[in-house]
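Chain by chain, the residues run as shown.
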Amino acid sequence: MPAIREPAWAQTVRFAARPDLFMERYHERFGDVFRAKIRGFGTGRNVFVADPRMIEQVFKGSPSALRLGEMAGIAVEPIAGPTALLNLDEDAHLKRRKLVLPPFHGERMLKYTSITAEAADRSLRTWPTDQAFAMRPHMANITTEVVMRAVFGVEDGKRQHELSHAVLNLIGTDLLGTLTLTFPQLRRNFGASRGWTKIQHNKEIADRLVYEEIRARRSAPDLADREDILSMLLQTELSDADIHDNLLEMLVAGHETTATALSWAFDLILHEPAVLRRLQDELAAGDESYLTAVVQEVLRLRPVVVTAQRVIRQPIELGDYHFAPGITLFCSIWMVNRRPDLYEDPLRFHPERFLDTRPGTYEWIPFGGGVRRCIGANFAPMEMRTVIKHVLTHATLEAASPALEKPRNKVVLMAPKNGTMVISRGRS
Ligand code: HEM
């Protein structure tokens, strides 16, 4: 198997700065499978895979041979807690997934749609007119409000503000804090307002508020009738500590990801006049099938999470290769979603490709796959469709620059470098 020959530190720096360019460069040089050495992500002995058939084997493979919790947990546990889904493996993980997944299915999505449209409307009213502004912070406000109401079930504005402020402070840590989450050896006191010490301080505040919310809701008289995810989890066998960890995890995993995907959506749509026109026409006619295709195409071309990782803990055959324990696989979401043998003219933003064809389970993988597939894989596209529809039917937007945004790695997400600069020409 071909291997990158550069020193591990050089590979690490380049992968951390622009994982998209890293994968494109070595995919072109080596093909679908190659070895790398990247520090701070898994075991440091990595294999990148961009072959959909091998990725299918990985996603369907044994959860004891292919693990995620032991590596994702390094960064997730200090923020969310020890029993967050991303922190668990094997039976404990599957058992927890069964309890956490049901609220993400079925009729409830309808209720969450109206919450999302209301949040989009509230945000839209604050946008300036006739001057350039970045969409991303506004998208983040929308997804925060959605999490507060749909996930936490908090309706009171003041309480929403207090709670979201505390949890966003916790996840919006400084550079040293981000490094601390990746490299546990940095978990020392560098001063009260920095890094690990600051994370711990913010965690105390966020934990106190989240536990207050959980306890108050346990005794709410209308608990059984409520439709928010917290209230539904309270009716399972989960303890307060379990629920706390899963709620915080949903916020960490679900808020910036969706806000970033929405920012890319507007960047792509506003730079493709034919797509914008067709989308507006079909929305005006009450048909949402093109909207669905647009969201699928955005997530194909700009998947905000660019790799899905698994640590190998038992010897395993994948494709023509034998893998020994201790290797971390990086399934390249970025490369699979833009394969020319799967997608004609793959770099073109062309939602029509999904109008008559459903995205393939192992060929369109913005949400990963198998037993670790993102639990928000229905929720996030619902939010995206609702926000795009609301914005395009109530505001006249233009791209502020003729060029598409360049990607920038923001912690573990590929975000538009300038936050998608747009100009609003008015509201209706
Ligand atoms: C566009 C938005 C989103 C993207 C692109 C995204 C992407 C992903 C990816 C790639 C994974 C890893 C899958 C794997 O390793 O196979 C993941 C896992 C996860 N996501 Fe999302 N996600 C998004 C939104 C959300 C939302 C809205 C929530 C919750 C409300 C959420 C909660 C989670 C959780 C809890 C996991 C861990 C699942 C497990 O380990 O079993 N995500 N997500």
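Above this text is the structure in question.
So, here's what we can say about the structure. (Residues numbered from 1 in each chain as written. Predicted model: local features only at pLDDT ≥ 70, side-chain atom pairs only at ≥ 80, totals over all residues. Heavy atoms only, no water.)

**Remarks on the overall build of the protein chain**
Check the secondary structure of the protein chain and you find 16 helices and 12 strands. For the protein chain, whose C-alpha radius of gyration is 21 Å, the value lies close to the compact-globule estimate of 22 Å for 428 residues. Considered along the principal axes of its C-alpha atoms, the protein chain spans approximately 60 × 50 × 45 Å. In the protein chain, 71% of the contacts between residues at least 6 apart in sequence involve partners at least 24 apart. Of the roughly 18,800 Å² that the protein chain leaves accessible, carbon and sulfur atoms contribute 53%. (Helix = DSSP H or I, 4+ residues; strand = E, 2+ residues; numbered from the N terminus. Rg over C-alpha atoms; globule rule 2.2 N^0.38 Å. Contact = heavy atoms within 4.5 Å. Areas by Shrake-Rupley, 256 points an atom, 1.4 Å probe, with all protein chains shown as cover.)

**A few points about the site of the ligand**
In the vicinity of the ligand lie 28 residues, with His-93, Arg-97, Arg-310, Gly-369 and Cys-374 positioned nearest. In this structure, His-93 approaches the ligand through a side-chain N or O atom, which is 2.7 Å from an oxygen atom. In the model, an oxygen atom of the ligand is placed 3.0 Å from a nitrogen or oxygen of the Arg-372 side chain. Secondary-structure elements contributing two or more residues to the shell around the ligand are helix 5 (90–100), helix 12 (240–270) and strand 5 (307–312). Sort the elements by how many residues they give to the shell around the ligand and helix 12 lands first, with 7 residues. Tallied by class, residues from the shell around the ligand come to 17 nonpolar, 7 polar and 4 charged. (Near = heavy atom within 4 Å. Polar contact = N/O pair within 3.5 Å; in protein donor to acceptor, adjacent residues only side chain to side chain. Nonpolar A, V, L, I, M, F, W, Y, C, P; charged D, E, K, R; others polar.)

**Some words on the pairing of strand 11 (residues 413–416)**
Here strand 11 shows a buried face lined by Leu-413 and Ala-415 and a second buried face lined by Met-414 and Pro-416. With 4 bridges connecting them, strand 10 (residues 407–410) and strand 11 associate as antiparallel partners. By the bridge assignment, Lys-410 is partnered in strand 11 with Leu-413. (Buried < 20%, exposed > 50% of the residue type's maximum accessible area, 1.4 Å probe, protein only. Pairing = 2+ DSSP bridges.)

**Section: the coordination of the iron atom of the ligand**
Here the protein supplies the iron atom of the ligand with just one donor, Cys-374 (SG), and that contact is 2.2 Å long. Here Cys-374 is to be found in the loop between helix 15 (333–336) and helix 16 (379–394). (Donors = N, O, S within 2.8 Å, 3.2 Å for Na, K, Ca; no water.)

**Considering the environment of Asn-418**
Mapped onto the elements, Asn-418 comes out in the loop between strand 11 and strand 12 (421–427). Sequence separation of Asn-418 and Gln-57 is 361 residues, and the distance between their C-alpha atoms is 37 Å. Residue contacts for Asn-418: discarding those within four places in its chain leaves Ala-134 and Glu-405.

**A word on the sheet that holds strand 3 (residues 66–67)**
Here 5 strands make up an open sheet; going across it, the order is 1-2-8-5-3 and the pairing mixed. With partners counted over all chains shown, the strands left at the sheet margins are strand 1 (33–36) and strand 3, one partner each. Where strand 2 (residues 46–49) meets strand 8 (residues 328–332), 4 bridges bridge the pair, whose relative direction is parallel. Opposite Val-49, over in strand 8, you have Cys-331 as the bridge partner. Across the sheet, helix 2 (residues 19–30) lies against strand 1, strand 2, strand 5 and strand 8, angled at about 120° from strand 1, the strand it touches most. Helix 4 (residues 69–80) contacts strand 3, strand 5 and strand 8 of the sheet and is inclined by roughly 120° relative to strand 5. (Axes fitted to C-alpha atoms, helices over the stretch in contact; angles between N-to-C directions.)

**Structural notes on the packing of helix 13 (residues 273–284) against helix 14 (residues 289–301)**
Where helix 13 meets helix 14, the closest approach of the two axes is 8 Å, and the angle between their N-to-C directions is 140°. In terms of axis orientation, helix 13 runs oblique to helix 14. Contacts between helix 13 and helix 14 pair Val-275, Arg-278, Leu-279, Glu-282 and Leu-283 from the former with Tyr-290, Leu-291 and Val-294 from the latter. For the contact of helix 13 with helix 14, the class distribution of residues is 6 nonpolar, no polar and 2 charged. (Parallel < 35°, antiparallel > 145°, perpendicular 65-115°, else oblique.)

**A word on the pattern of salt bridges**
On inspection of all chains with the given rule, the structure shows 39 salt bridges. The closest approach of N and O atoms between Asp-89 and Arg-372, which form a salt bridge, is 3.2 Å. Taken together, the positions of Asp-89 in the loop between helix 4 and helix 5 and Arg-372 in the loop between helix 15 and helix 16 put the pair 283 residues apart, joining distant regions of the chain. Across this residue pair, the class does not change: Asp-89 and Arg-372 are buried. (Salt bridge = Lys/Arg side-chain N within 4 Å of Asp/Glu carboxyl O.)

**Structural notes on the state of the cysteines**
Cysteine pairs can be covalently joined through their sulfur atoms, and such a bond is termed a disulfide. Per the stated rule, a full pass over the model turns up 0 disulfides. Free cysteine Cys-331: the closest other cysteine sulfur is in Cys-374, separated by 15 Å. Judged by relative accessible area, Cys-331 falls into the buried class, the value being 1%. (Disulfide = S-S within 2.5 Å.)

**Remarks on the side chain of Thr-420**
Looking at the element boundaries, Thr-420 is found in the loop between strand 11 and strand 12. At 2.8 Å, the side chain of Thr-420 forms a polar contact with the backbone oxygen of Ser-263. Those residues in contact with Thr-420 that lie beyond four places of it in its chain are Phe-133, Ala-134, Met-135, Ser-263, Trp-264, Phe-266, Asp-267 and Glu-405.

**Remarks on helix 8 (residues 157–171)**
Across its 15 residues, helix 8 extends 21 Å between first and last C-alpha, which sits within 8% of the 21 Å expected from 1.5 Å per residue. Of the residues making up helix 8, those classed as buried are Arg-159, Gln-160, Leu-163, Ser-164, Ala-166, Val-167 and Leu-170. One side of helix 8 carries all its buried residues, which in axial view fall inside an arc of 160°. Opposite the buried face of helix 8, by more than 90 degrees, sit the exposed residues Lys-158 and His-161. Check the buried side of helix 8 and you find it contacts helix 4, helix 7 (135–151), helix 10 (195–218) and helix 12. (Expected span 1.5 Å × (residues − 1). Arc of directions from axis to C-beta.)

**A short note on the nonpolar core**
By size, the foremost hydrophobic cluster in this structure holds 91 residues, and its most contacted members are Tyr-112, Met-139, Phe-152, Phe-266, Ile-269, Leu-279 and Ile-388. Sort the elements by how many residues they give to this core and helix 12 lands first, with 14 residues. What Tyr-112 contacts, discounting residues up to four positions off in sequence, is Pro-103, Ala-150, Glu-227, Asp-228, Ile-229, Met-232, Phe-379 and Met-382. Core analysis: the next-biggest nonpolar cluster, separate from the first, contains 21 residues, Val-47, Val-49, Leu-66 and Ile-365 among them. (Core = buried A, V, L, I, M, F, W, Y, C linked by side-chain atoms within 4.5 Å.)

Any link to function would need more than the numbers given here.
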